[in-house]
Amino acid sequence: MRPFPLKQLRLAWHDAGTYNKNIEEWPLRGGANGSLRFEIEIKHAANATLSSQSGFSGLVNALKLLQPIKDKYSGVTYADLFQLASATAVEEAGGPKIPIKYGRVDVSEPEQCPEEGRLPGKLTVKEEISNSKKKQVW
């Protein structure tokens, strides 16, 4: 799999993986809400694995690749775009076509980003998913 699809998979997972079912109020409960586009969340320790060794350019570049699509289709939320990019990456890599439901709502400002620590830092995708299942945050 090429680096871009991997980044899109991680982008979608890290945006959605902050969901906490024990928090009732949106956007405090996190989840696929497009918050990962804000610098404050990009700099969370768990997102360092999305970045190149020279800083946060890996994740920033993944976001930059999606921005022209967002600009062209302004009615599409970042939250939906991140998830669509991930599903497309799976399909482009030879995986199954993943059906997508649209209608996610974006957070509108950095202050609505989930707090640091919702995702474990610097783990593999498999470790992240396993840890999240153990915490039953979905």
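Residues numbered from 1 in each chain as written. Predicted model: local features only at pLDDT ≥ 70, side-chain atom pairs only at ≥ 80, totals over all residues. Heavy atoms only, no water.

A. Region of the structure containing the side chain of D80. Among the structural elements, D80 can be located in helix α4 (residues 78–92). Once you skip the residues sitting within four places of it in the chain, D80 turns out to touch K101, Y102, G103 and R104. (Helix = DSSP H or I, 4+ residues; strand = E, 2+ residues; numbered from the N terminus. Contact = heavy atoms within 4.5 Å.)

B. Structural detail: the packing of aromatic side chains. Scanning the model with the defined rule gives one aromatic pair in all. Ring centres 6.1 Å apart and planes at 55 degrees place the aromatic pair Y78 and F82 in the tilted group. Pair noted here: Y78 and F82 are both in helix α4, with a separation of four residues, about one helical turn. The ring of Y78 has K70 sitting right over it, with the charged end atom 5.0 Å from the ring centre. (Phe/Tyr/Trp six-rings, centres within 6.5 Å; stacked < 30°, edge-to-face > 60°. Lys NZ or Arg CZ within 6 Å of the ring centre and 35° of its normal.)

C. Geometry of the pattern of salt bridges. Under the counting rule described, the total for this entry stands at three salt bridges. In this structure, the salt-bridge partner of R104 is D80, at a minimum N-O distance of 2.6 Å. Note that R104 is positioned in the loop between α4 and α5 (125–135) and D80 in helix α4, a separation of 24 residues in sequence. Take R104: its relative accessible area is 25%, and that puts it in the partly exposed class. We classify D80 as buried; its relative accessible area is 5%. (Salt bridge = Lys/Arg side-chain N within 4 Å of Asp/Glu carboxyl O. Buried < 20%, exposed > 50% of the residue type's maximum accessible area, 1.4 Å probe, protein only.)

D. Broad picture of α4. Over its 15 residues, α4 runs 20 Å from end to end, which matches the ideal 21 Å to within 8%, given 1.5 Å per residue. Three or more residues of α4 are buried, namely Y78, A79, D80, L81, F82, Q83, A85, S86, A87 and A89. Phi turns positive, to about 100 degrees, at G94, one or two residues after α4. (Expected span 1.5 Å × (residues − 1).)

E. Inspection of the environment of D71 at higher detail. In this structure, D71 sits in helix α3 (residues 57–72). Looking at D71, its side chain comes within polar contact range of the side chain of Q67, at 2.7 Å. (Polar contact = N/O pair within 3.5 Å; in protein donor to acceptor, adjacent residues only side chain to side chain.)

F. Summary view of the confidence of the model for the protein chain. Averaged over every residue, the pLDDT of the protein chain is 82; the share at 70 or more is 75%. Here α5 stands out as the least confident element of the protein chain, with mean pLDDT 58; α4 is the most confident, with 94. (pLDDT = per-residue confidence, 0-100.)

G. Representation of unusual backbone geometry in the model. A cis amide bond, omega 10 degrees, links W26 with the succeeding residue P27. By the secondary structure assignment, P27 is in the loop between α1 (3–16) and α2 (39–42).

H. Structural context of the environment of R118. With respect to the helices, strands and loops of the structure, R118 is situated in the loop between α4 and α5. Overall, R118 belongs to the buried group, its relative accessible area being 13%. Excluding residues within four positions of it along the chain, R118 makes contact with G17, T18, N20, I23, L28, R29 and G30. A polar side-chain atom of R118 sits 3.1 Å from the main-chain carbonyl oxygen of R29.

I. Up close: the nonpolar core. If you look at the biggest cluster of nonpolar residues, it comprises 10 residues: L11, L36, I42, L59, L63, L66, Y78, L81, F82 and A85. Among the elements of the structure, α3 and α4 are those that each provide at least two residues to this core. At four residues, α4 tops the list of elements feeding residues into this core. Other than its neighbours up to four places away in sequence, L66 contacts Q8, L11, L81, F82 and A85. (Core = buried A, V, L, I, M, F, W, Y, C linked by side-chain atoms within 4.5 Å.)

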